[in-house]
Amino acid sequence: MRYAYYPGCSLHSTAEEYDISTRAVMKALGVELLELEDWSCCGATPAHSSDKFLGVALPMRNLFIAEETGLDVLAPCAACYNSLRHAQAAAEEGEGQEARRALEQILGREYRGDVQVLHPLELLGGDEMLEAVRQKVTRPLRGLKVATYYGCLLGRPAREVAFEDPERPVSMDRLMEAAGAEVVRWSYKTDCCGGSLAVARPDLVVELVAGIVRAALAAGAEAIVTACPLCQSNLDTRQAGAGERPVPVLYVTEALAWAMELPEASGLGRRHLVDPAPALAAVNSQRGMGEL
Amino acid sequence: MSTAVTLDFYRRVAGESSEPIARCYQCQKCSGGCPVSFAMDLRPHEVIRLVQLGRDEEVLKSQAIWICIGCKTCQARCPNDIDASRVMDGLRALARERGYRPGDERVAAFHEAFLRTVQGLGRAYELGTVALFKARTRDLFGDLTLGLEMFRRGKLKIRPSRIRRRAEIGRIFRLAKGKRP
Ligand code: SF4
Ligand code: SF4
């Protein structure tokens, strides 16, 4: 299995551990990733918030590059995934169509619209891949209670981006169960963490994060698992003092890589503000080894 | 206000956002689900209603249109398939076009700083964005400790990453600008 890989800017900076663990897990599962040549920023929230044309043209440039490879695209960042899917949906009318024509001019080739954009949760959440994950797990996360947190961008707007029930997603739950963890029930799976307001309005993000962290604790979670760099960063860096104890926030691929004992994933825990080691120690104690 | 003026603003916003604003019957589900409505001066359903009524100034000056995060909870809940976040996107563009001072200058400064790094490099650059943002908002010390902590953990890169074909990004930005009146 081969995919064109669109890491996006976060996975090359604040979310490098998501990049490293995604590549490691995919490799272990026999999925080959080819990073898109000269990929550019998807524009994220500031682009579509400021200008509809930019909100389509910036992500779409990457779809043009992907078309050259003939491969479908894997985009782990939920914000990039959302922008790319939006560009695809918008390509046929209005300003989206204008953006598409403009890019055809700039890049000197036609847009075919024939690549598929996937998020790792969609790829890994299918039955066959889940079975492959189960086979590869050598250090089950037995006894670890996790809250799966999907956030906004993987399910909304549903008609453009959802690959499962947008109100009750389960792909990450199934993956964590395949890795041996216990998934808690809670009602904050698809709530918003404040996303890109982190720099401009940290006061609001602190408030939203506090609600999410307290709900996870109340549900008995020892860790929160995410699939979005904005969610991970906001929950990890803005939760100080929110709950009676800090809750580590792991990328789903970090948790999987740890359960599969992939060497690439060792040491990633040091990149987190809330140290995941104590939560994983409970799992460790049954096996007596390893450090994330 | 005359009906013509009312319709003019309504049509402009409906066109800019491509959202069926006329269908809104004020059920308030959008505001009920909105994670930041507690901090808004106008809640999402009020923004929609004021657009219907053509009360442009109140809406364009509001801080609500700037602190909407685009989480689309409103869109998911609306029984009439209205995406209030797209209406907010359109209103921000209109506010800028008409020269209104942004209702939340920090958010506006962040968007601008982010896009300037992307325009120049083809990629986002956190430190550059934050530096531009701080210069604009004169907020030199906010989040300093957190920044250092993230830096220590290898989460902030000193050197920006840039793409080779930056000219293509430059042309995209010029075209976008050219389309604004
Ligand atoms: S949910 Fe839709 S119909 Fe209800 S108030 Fe909001 S925009 Fe109007
Ligand atoms: S998209 Fe904006 S208006 Fe809609 S629920 Fe989210 S923050 Fe509120």
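Caption draft 1: Summary view of the site of ligand 2. All names here are of chain B. Near ligand 2, the surroundings consist of 13 residues, among which Cys-34, Cys-68, Cys-71, Lys-72 and Cys-74 are the closest. Those elements that place two or more of their residues in the shell around ligand 2 are helix H6 (73–77) and helix H7 (84–97). Of the residues in the shell around ligand 2, the class split is 9 nonpolar, 3 polar and 1 charged.

Caption draft 2: Up close: the confidence of the model for chain B. Of all residues in chain B, 96% attain a pLDDT of 70 or more, and the chain-wide mean is 92. Listed scores for the predicted complex are pTM 0.95 and ipTM 0.92.

Caption draft 3: A look at the pairing of strand S7 (residues 223–226) of chain A. All names here are of chain A. By the alternation rule, side chains of S7 split into Ala-223 and Val-225 and Ile-224 and Thr-226, which are all buried. Summarising the sheet, strand S5 (residues 145–149) and S7 pair through 4 bridges and their orientation is parallel. By the bridge assignment for S7, Val-146 is matched with Ala-223. Read as a crossover between parallel neighbours, the route from S7 over helix H12 (residues 229–237) to strand S8 (residues 249–251) is right-handed.

Caption draft 4: Expanded view of the packing of aromatic side chains. Across all of its chains, the model carries 7 aromatic pairs over all chains by this definition. Seen in terms of ring centroids, A:Tyr6 and A:Trp39 are 5.5 Å apart; in terms of plane orientation they differ by 80°. Their pairing is edge-to-face. Within this pair, whereas A:Tyr6 is found in the loop between strand S1 (2–5) and helix H1 (16–28), its partner A:Trp39 is found in the loop between strand S2 (32–35) and helix H2 (44–50), the two being separated by 33 residues in sequence. The two residues A:Tyr6 and A:Trp39 agree in class, both being buried. Between A:Tyr18 and A:Tyr251, the ring centres sit 4.3 Å apart and the planes meet at 5°, which makes this aromatic pair stacked. One end of the pair, A:Tyr18, is in helix H1; the other, A:Tyr251, is in strand S8, and 233 residues separate them in sequence. Per residue, the accessibility class of A:Tyr18 equals that of A:Tyr251, and both read buried. Taken together, A:Tyr149, A:Trp186 and A:Tyr188 form an aromatic cluster joined through their ring pairs. Its guanidinium or amino end placed over the ring of A:Trp258, A:Arg139 lies 3.8 Å from that ring's centre, counting from NZ or CZ. Lying over the aromatic face of A:Trp39, B:Arg123 brings its terminal NZ or CZ to 3.4 Å of the ring centre.

Caption draft 5: A look at the site of ligand 1. The full set of residues close to ligand 1 is B:Cys24, B:Tyr25, B:Gln26, B:Cys27, B:Gln28, B:Lys29, B:Cys30, B:His45, B:Cys78, B:Pro79, B:Asn80 and B:Ile82. When grouped by side-chain class, the residues that make up the shell around ligand 1 number 7 nonpolar, 4 polar and 1 charged.

Caption draft 6: Geometry of the pattern of salt bridges. Applying the stated rule across the entire model yields 38 salt bridges over all chains. Where A:Asp114 meets A:Arg112, a salt bridge forms, and the shortest distance between an N and an O atom there is 3.0 Å. Connected through shared salt-bridge partners, A:Glu37, A:Asp38, A:Arg61, B:Arg164, B:Arg165 and B:Glu168 make up one network.

Caption draft 7: How the structure looks around the sheet that holds strand S6 (residues 182–183) of chain A. Residues and elements named next belong to chain A. Ordered by their spatial adjacency, 4 strands build an open sheet running S6-S5-S7-S8, and the pairing between neighbours is parallel. Two strands lie at the open edges of the sheet, namely S6 and S8, each paired on one side alone. Its contacts with the sheet put H12 on S5, S7 and S8, and the angle it makes with S8 is roughly 160°.

Caption draft 8: Structural detail: the packing of helix H3 (residues 44–52) of chain B against H7(B). All names here are of chain B. Relative to each other, H3 and H7 sit at 60°, their axes nearing to 10 Å. By the criterion of interaxial angle, the relationship of H3 to H7 is oblique. The two elements H3 and H7 meet at a crossing, and its hand is left-handed. On H7, the residues that touch Pro-44, Val-47, Ile-48 and Val-51 of H3 are Ala-84, Val-87, Met-88 and Leu-91. A per-class count over the contact of H3 with H7 returns 8 nonpolar, no polar and no charged.

Caption draft 9: Spatial organisation of helix H9 (residues 126–137) of chain B. Residue and element names in this part refer to chain B. Along its 12 residues, H9 runs 16 Å from first to last C-alpha, staying within 8% of the 16 Å computed at 1.5 Å per residue. Among all positions of H9, only Gly-128, Thr-129, Phe-133 and Lys-134 are buried. One or two positions beyond H9, positive phi appears at Arg-138, with a value near 55°.

Caption draft 10: Region of interest: the interface of chain A and chain B. Between chain A and chain B, the residue contacts involve 61 residues of the former and 57 residues of the latter. Of the roughly 5300 Å² buried between chain A and chain B, counting both surfaces, carbon and sulfur atoms make up 58%. Counting every contact that joins chain A to chain B gives 9 salt bridges. In this structure, B:Arg77 and A:Glu167 form a salt bridge, with 3.9 Å as the shortest nitrogen-oxygen distance. Here chain A is connected to chain B by 22 residue pairs in polar contact (both at pLDDT 80 or more). Secondary structure elements with two or more residues in the side of chain A that touches chain B: H1, H2, helix H3 (52–69), helix H5 (94–107), helix H8 (158–161), helix H10 (197–200), helix H11 (202–218) and H12 of chain A. A per-class count over the side of chain A that touches chain B returns 27 nonpolar, 17 polar and 17 charged.

Rules of the game
Residues numbered from 1 in each chain as written. Chains lettered and ligands numbered in written order. Predicted model: local features only at pLDDT ≥ 70, side-chain atom pairs only at ≥ 80, totals over all residues. Heavy atoms only, no water. Near = heavy atom within 4 Å. Helix = DSSP H or I, 4+ residues; strand = E, 2+ residues; numbered from the N terminus. Nonpolar A, V, L, I, M, F, W, Y, C, P; charged D, E, K, R; others polar. pLDDT = per-residue confidence, 0-100. Buried < 20%, exposed > 50% of the residue type's maximum accessible area, 1.4 Å probe, protein only. Pairing = 2+ DSSP bridges. Right-handed = clockwise from strand over helix to strand, strands pointing away. Phe/Tyr/Trp six-rings, centres within 6.5 Å; stacked < 30°, edge-to-face > 60°. Lys NZ or Arg CZ within 6 Å of the ring centre and 35° of its normal. Salt bridge = Lys/Arg side-chain N within 4 Å of Asp/Glu carboxyl O. Contact = heavy atoms within 4.5 Å. Axes fitted to C-alpha atoms, helices over the stretch in contact; angles between N-to-C directions. Parallel < 35°, antiparallel > 145°, perpendicular 65-115°, else oblique. Left-handed = near helix turned anticlockwise from the far one by under 90°. Expected span 1.5 Å × (residues − 1). Buried area = accessible area lost by both parts, 1.4 Å probe. Polar contact = N/O pair within 3.5 Å; in protein donor to acceptor, adjacent residues only side chain to side chain.

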